[in-house]
Amino acid sequence: MTTTPTSRDQLLGAFDALLQPERFKDYGPNGLQVEGRPEVRRIVSGVTASRALIDAAIAQRADAIFVHHGLFWRGQDGRVTGWMKQRLQRLLAHDINLFAYHLPLDAHPELGNNAQLGQRLGWQADRQFGEQNLGCVASAAYGDGAALARHVEAVLGRSVTLVAPAPAEVRPIRRVAWCTGGAQGYFEAAMAAGADAFVTGEISEPQAHLARESGVSFLAAGHHATERYGAPAVAERVAGQLGLEHVFIDIDNPA
């Protein structure tokens, strides 16, 4: 593949134009998090800016890394020691740009994590719900939560945690809601939106009781597993627009 170098600023502008980070109140900075070389030919995308992903990007001779989970979050310890030093040291030594988009990457209506997960599961969202309208709701047809869980497991290739309603509360799944990653706090909003089941990445203690008592099934399908589709979709779109090479690297994560 013949590529034409693109400036770092042009690449940033393309990501910003697509994802519109200014629309979101987020937990960390969206956009360019670590400045690398001024020209880019190859992008590596992944879910999280882990040391394993950075090392893989170095092996791929990447000029830029595009991720959902970057390095910097509100309220974290700001000292550059330990794992933070090791990640930054590699990026800076190899002059690699790091781009990270969190909620904007969840929310994009075509390429975002929620839209991409919905496509794979065969769901077409017809409304949004929850804080900043990040959650999605769609029509569905499953006999019960267990049937839905089998479908999700088959598509994602991993087991899920299902908390089903009490036997007297079990009902067919006609409306399904979902929000990728750590969106267990959206469960009550999903119920208010008319969902018979809610799919997200993680579950916390209160949601198990709510599921049993409300009649709404709760499925925790993995934070990483539900969020591994948005980053490569966006990076591939932008790389295609700018004539760049793109490689997606999926670093396995059981969470």
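Everything here concerns the structure above.
Residues numbered from 1 in each chain as written. Predicted model: local features only at pLDDT ≥ 70, side-chain atom pairs only at ≥ 80, totals over all residues. Heavy atoms only, no water.

Novice: Looking at this structure, how should I read the overall build of the protein chain?
Specialist: From N to C terminus, the protein chain includes 10 helices and 13 strands. Computed over its C-alpha atoms, the radius of gyration of the protein chain comes to 19 Å, within 12% of the 18 Å expected for a compact globule of 255 residues. Here the C-alpha coordinates of the protein chain stretch approximately 60 × 40 × 30 Å along the principal axes. Per-residue burial for the protein chain yields a buried fraction of 51% across its 255 residues. Partitioning the intrachain contacts of the protein chain with sequence separation of at least 6 by distance along the chain shows that 69% fall at a separation of at least 24. (Helix = DSSP H or I, 4+ residues; strand = E, 2+ residues; numbered from the N terminus. Rg over C-alpha atoms; globule rule 2.2 N^0.38 Å. Buried < 20%, exposed > 50% of the residue type's maximum accessible area, 1.4 Å probe, protein only. Contact = heavy atoms within 4.5 Å.)

Novice: Whenever I open this one, the sheet that holds strand S8 (residues 135-142) confuses me. Can you help?
Specialist: Each strand in a sheet pairs with its neighbour through backbone hydrogen bonds, running either in the same direction (parallel) or in the opposite one (antiparallel). Ordered in space as S7-S8-S10-S11-S12-S9, the six strands form an open sheet in which the pairing is mixed. Only two strands of the sheet have a single partner each, and these edge strands are strand S7 (127-129) and strand S9 (161-163). Direction aside, the axes of adjacent strands within the sheet are offset by 30° on average. Bridge count between S9 and strand S12 (residues 217-220): three bridges; the pairing is antiparallel. Looking across to S12, one finds that Thr161 is bridged to Ala220. (Pairing = 2+ DSSP bridges. Axes fitted to C-alpha atoms, helices over the stretch in contact; angles between N-to-C directions.)

Novice: Is there a simple way to explain unusual backbone geometry in this structure?
Specialist: With glycine set apart, most residues show a phi of negative sign, and most peptide bonds adopt trans. Of note, the phi angle at Arg61 is positive, near 55°, even though the residue is not glycine. The topology assignment puts Arg61 in the loop between helix H2 (51-59) and strand S5 (64-69). For Arg61, a relative accessible area of 70% corresponds to the exposed category. You will see that Gln132, though not glycine, has its phi angle at about 55°, which is positive. Its location among the elements puts Gln132 in the loop between S7 and S8.

Novice: So what exactly am I meant to see when it comes to the nonpolar core here?
Specialist: Side chains of a nonpolar character, in soluble globular proteins, are inclined to be buried together. Judged by nonpolar contacts, the single largest core of 22 residues is most densely connected at Trp123, Leu148, Val152, Val176 and Val199. Those elements that provide at least two residues to this core are helix H5 (113-121), S8, helix H6 (145-156), strand S10 (173-178) and strand S11 (197-200). In terms of residue count, the dominant contributor to this core is H6 (five residues). Among the nonpolar cores identified, the runner-up in size contains 21 residues, and Phe66, Tyr101, Val234 and Leu242 belong to it. (Core = buried A, V, L, I, M, F, W, Y, C linked by side-chain atoms within 4.5 Å.)

Novice: Sorry if this is basic, but what is going on with the sheet that holds strand S6 (residues 97-100) here?
Specialist: Spatial strand order, S2-S6-S5-S4-S13: five strands in an open sheet with mixed pairing. Edge strands, defined here as strands with exactly one partner in the open sheet, are strand S2 (31-34) and strand S13 (245-248). Each strand of the sheet is rotated relative to its neighbour by a mean of 30°, with strand direction disregarded. Relative to S13, strand S4 (residues 42-48) runs parallel, the two sharing four bridges. Across the sheet, residue Arg42 finds its bridge partner in S13, namely Glu245.

Novice: Would you take a moment to explain the packing of H2 against helix H3 (residues 82-93) for this structure?
Specialist: When two helices pack together, their arrangement is given by the angle between the helix axes and the distance between those axes. Where H2 meets H3, the axes come as close as 10 Å, and the angle between the chain directions of the two elements is 15°. Taken together, the axis directions place H2 and H3 in an arrangement best described as roughly parallel. For the crossing formed where H2 meets H3, the hand is left-handed. Here Arg51, Ile54, Asp55 and Ile58 of H2 lie close against H3, whose contacting residues are Gln86, Arg87, Arg90 and Leu91. (Parallel < 35°, antiparallel > 145°, perpendicular 65-115°, else oblique. Left-handed = near helix turned anticlockwise from the far one by under 90°.)

Novice: When you look at H2 in this model, what are you seeing that I'm missing?
Specialist: Given 3.6 residues to a turn, an α-helix orients residues that are three or four positions apart in the same direction. The set of residues buried in H2 consists of Leu53, Ile54 and Ala57. Projection of H2 onto a plane perpendicular to its axis shows the buried side chains occupying an angular sector of 100°, all on one side. Contacts from the buried residues of H2 go to S4, S5 and H3. Backbone geometry just after H2 places Arg61 at a positive phi near 55°. (Arc of directions from axis to C-beta.)

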